[in-house]
Amino acid sequence: MITAGRYDWKNTQITSRRFPIVGTGKQTSVVKLVHFNRPINSGDNVKVKLEALGLKASTIEELLAFGIAFSDYQCRFPVVALGSIVKLNGLHFVAYLSYLDLHRKIDLQLYDKSWGGQCRFLTSPK
């Protein structure tokens, strides 16, 4: 899925061993981008606010599929998937799509961080 997304740069820690893909074949998903329009901390606030909206944080599979289908979105704002968490060196990380120096990238960021007001969180119905 990373290859199909044709990213200019990828974090080499994003592997199928660390983020195992669940399921096989093509599946249809309904996703929604949620924008809080202000900085927000993922560990304390985002998941609670999403649940109140009847939504859940999307997984890395959904993020990668979104990156394939809507590659231009990450050029406008970072897209974060809080539904798949990986532990590296004792810290928890999540994947996100962004754009830097004319390059589309898929990267990791600490789970419990303050996300900037420009970030969108990829979600799906509960």
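Residues numbered from 1 in each chain as written. Predicted model: local features only at pLDDT ≥ 70, side-chain atom pairs only at ≥ 80, totals over all residues. Heavy atoms only, no water.

A. Up close: the side chain of Ser 98. Secondary-structure assignment places Ser 98 in strand β6 (residues 91–100). Excluding residues that lie within four positions of it along the chain, Ser 98 makes contacts with Gln 74, Pro 78, His 103, Arg 104 and Lys 105. (Helix = DSSP H or I, 4+ residues; strand = E, 2+ residues; numbered from the N terminus. Contact = heavy atoms within 4.5 Å.)

B. Spatial organisation of the pairing of strand β5 (residues 79–88). Counting buried positions over the ten residues of β5 gives seven, a clear majority of the element. Bridge count between β5 and β6: seven bridges; the pairing is antiparallel. Residue pairing in the sheet places Val 86 in a bridge with Phe 93 of β6. Counting the residues in the hairpin turn of β5 and β6 gives two residues, including Asn 89, whose phi is positive at 50°. Two strands pair when backbone bridges link them, and β5 and strand β9 (residues 120–125) are joined in this way by two bridges, in the parallel orientation. When the bridges of β9 are listed, Val 80 appears paired with Phe 121. (Buried < 20%, exposed > 50% of the residue type's maximum accessible area, 1.4 Å probe, protein only. Pairing = 2+ DSSP bridges.)

C. Highlighting the packing of aromatic side chains. Summed over all chains, the structure comprises seven aromatic pairs. Each ring, one from Phe 66 and one from Tyr 73, has its centre 5.6 Å from the other, and the planes form 80°; the classification is edge-to-face. Relative accessible area serves as the criterion here: at 26%, Tyr 73 is assigned to the partly exposed category. An angle of 65° between the planes, with centres 5.6 Å apart, marks the rings of Phe 70 and Tyr 73 as edge-to-face. Judged by its relative accessible area of 38%, Phe 70 is partly exposed. Each member of the aromatic cluster is reached from another via a ring pair, and the members are Phe 36, Tyr 96, Trp 115 and Phe 121. The aromatic ring of Tyr 73 is capped on one face by Arg 76, whose charged end is 4.5 Å from the ring centroid. Across the ring face of Trp 115, the terminal group of Lys 113 is positioned such that the distance to the ring centre comes to 4.8 Å. (Phe/Tyr/Trp six-rings, centres within 6.5 Å; stacked < 30°, edge-to-face > 60°. Lys NZ or Arg CZ within 6 Å of the ring centre and 35° of its normal.)

D. Molecular detail of the nonpolar core. Among the nonpolar cores identified, the biggest contains 19 residues, and Ile 14, Leu 63, Val 79, Leu 97 and Leu 108 are the most heavily contacted of them. Listing elements by their share of this core, those giving two or more residues are α3 (60–69), β5, β6 and β7 (103–110). Excluding anything up to four places from it in sequence, Val 79 contacts Leu 33, Leu 63, Phe 66, Tyr 96, Leu 97, Arg 120 and Leu 122. Residues Ile 40, Leu 50, Val 80 and Tyr 96 belong to the second largest nonpolar core, which totals 15 residues. (Core = buried A, V, L, I, M, F, W, Y, C linked by side-chain atoms within 4.5 Å.)

E. The pattern of salt bridges, seen in detail. Scanning the entire structure with this criterion turns up two salt bridges. Note that Arg 76 and Asp 72 form a salt bridge whose closest N and O atoms lie 3.3 Å from each other. With relative accessibility at 41%, the residue Asp 72 sits in the partly exposed group. The salt bridge partner of Lys 105 is Asp 107, with a shortest N-O separation of 3.4 Å. For Lys 105, a relative accessible area of 14% translates into the label buried. (Salt bridge = Lys/Arg side-chain N within 4 Å of Asp/Glu carboxyl O.)

F. Up close: the layout of surface pockets. Empty space within the second largest pocket amounts to approximately 150 Å³. Taken together, 15 residues line the second largest pocket, and the ones lying closest to its centre are Pro 78, Tyr 96, Ser 98, Tyr 99 and Gln 118. Counting residues per element, the ones that place at least two in the lining of the second largest pocket are β6 and β7. By residue number, the principal contributor to the lining of the second largest pocket is β6, which donates four residues. Among the residues forming the lining of the second largest pocket, the class breakdown is eight nonpolar, four polar and three charged. (1 Å grid on protein atoms, 1.4 Å probe; cavity = no way out; pocket = protein on both sides within 12 Å on 5 of 7 lines; lining within 4 Å. Points joined across faces, edges and corners; volume = space filled by probe spheres on them. Nonpolar A, V, L, I, M, F, W, Y, C, P; charged D, E, K, R; others polar.)

Interpretation note: all reported values are geometric properties and have no functional meaning in isolation.
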